[in-house]
Amino acid sequence: MLAQLTGTLEIDTSTNCLTVNNGITLVDVAWPPGWTVATRDNEIALIDAAGHTAGKLGDEVYVGGGMVDLARTNVVSCTGRKDVFVATGLSGP
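Residues numbered from 1 in each chain as written. Predicted model: local features only at pLDDT ≥ 70, side-chain atom pairs only at ≥ 80, totals over all residues. Heavy atoms only, no water.

Digging into the sheet that holds strand β5 (residues 43-47)
No. 1: Overall, antiparallel pairing links the 3 strands, which are arranged β4-β5-β6 in an open sheet. Two strands lie at the open edges of the sheet, namely β4 (36-40) and β6 (53-56), each paired on one side alone. Direction aside, neighbouring strands of the sheet carry axes that sit 40 degrees apart on average.
No. 2: Judged from the 5 bridges that link them, β4 and β5 form a sheet pairing that is antiparallel. Each residue of the ladder has a partner; that of A38, found in β5, is A45. (Pairing = 2+ DSSP bridges. Helix = DSSP H or I, 4+ residues; strand = E, 2+ residues; numbered from the N terminus. Axes fitted to C-alpha atoms, helices over the stretch in contact; angles between N-to-C directions.)

The following block contains the structure:
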C-alpha cells in the first residue's frame, strides 16, 4: 500500500459516493475505518475517525494507500467497480 492517489474530492452522481477525480476518471475510495461523509457548514465533507473535517468537495487531496481487487479482499465498493483504492490516510496540497 505504497501508492498515492492525487485528485479532487467529487461525488459520483450515479451512486452518490465520495470519490477522487484523478483527472482521468472517478476513483472509488474505501476510506479508513471510522471515516464518514457528512454535511458541515452546508458543504459535503469527509470526516476522519476523530470527527475532524479531512476535506470538502472540490478540495485537491493526496490519498495514501493502494488499489485492491475486490476478489482478494473484504473491502466493499461503493460504486460497484471491481477494484477500489484503499485509503490509509489523506492530506492536502
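Side note on the sheet that holds strand β1 (residues 3-12)
Pairing between the strands of a sheet is mediated by backbone hydrogen bonds and can be parallel or antiparallel.
No. 1: Judged by pairing direction, the barrel is mixed, and its 5 strands sit side by side in the order β1-β2-β3-β8-β7 before closing back on the first. Each neighbouring strand pair of the sheet contributes to a mean axis angle of 60 degrees, computed without reference to strand direction.
No. 2: Pairing of β1 with strand β2 (residues 17-21), which is carried by 5 bridges, proceeds in the antiparallel orientation. Residue pairing in the sheet places L9 in a bridge with V20 of β2.

Thoughts on the nonpolar core
One recurring pattern in soluble globular proteins: nonpolar side chains tend to sit buried together.
No. 1: L5, L9, L18, V20, V27, V29, W31, L46, V61, V63, F85 and A87 form the largest nonpolar core, which has 12 residues in total.
No. 2: With sequence-adjacent residues up to four places away left out, L18 is seen in contact with L9, E10, I11, W31, V37, L46 and L57.
No. 3: Counting 5 residues, the second largest nonpolar core, distinct from the first, contains A30, V68, L70 and V84. (Core = buried A, V, L, I, M, F, W, Y, C linked by side-chain atoms within 4.5 Å. Buried < 20%, exposed > 50% of the residue type's maximum accessible area, 1.4 Å probe, protein only. Contact = heavy atoms within 4.5 Å.)

Comments concerning the state of the cysteines
No. 1: Enumeration over the complete set of coordinates arrives at 1 disulfide.
No. 2: One disulfide bridge connects C17 with C78, the sulfur atoms lying 1.8 Å from each other. Disulfide C17 to C78: torsion about the S-S bond roughly -85 degrees, handedness left-handed. One end of the pair, C17, is in strand β2; the other, C78, is in the loop between β7 (60-69) and β8 (83-91), with 61 residues separating them in the sequence.
No. 3: A relative accessible area of 1% places C17 in the buried class. (Disulfide = S-S within 2.5 Å.)

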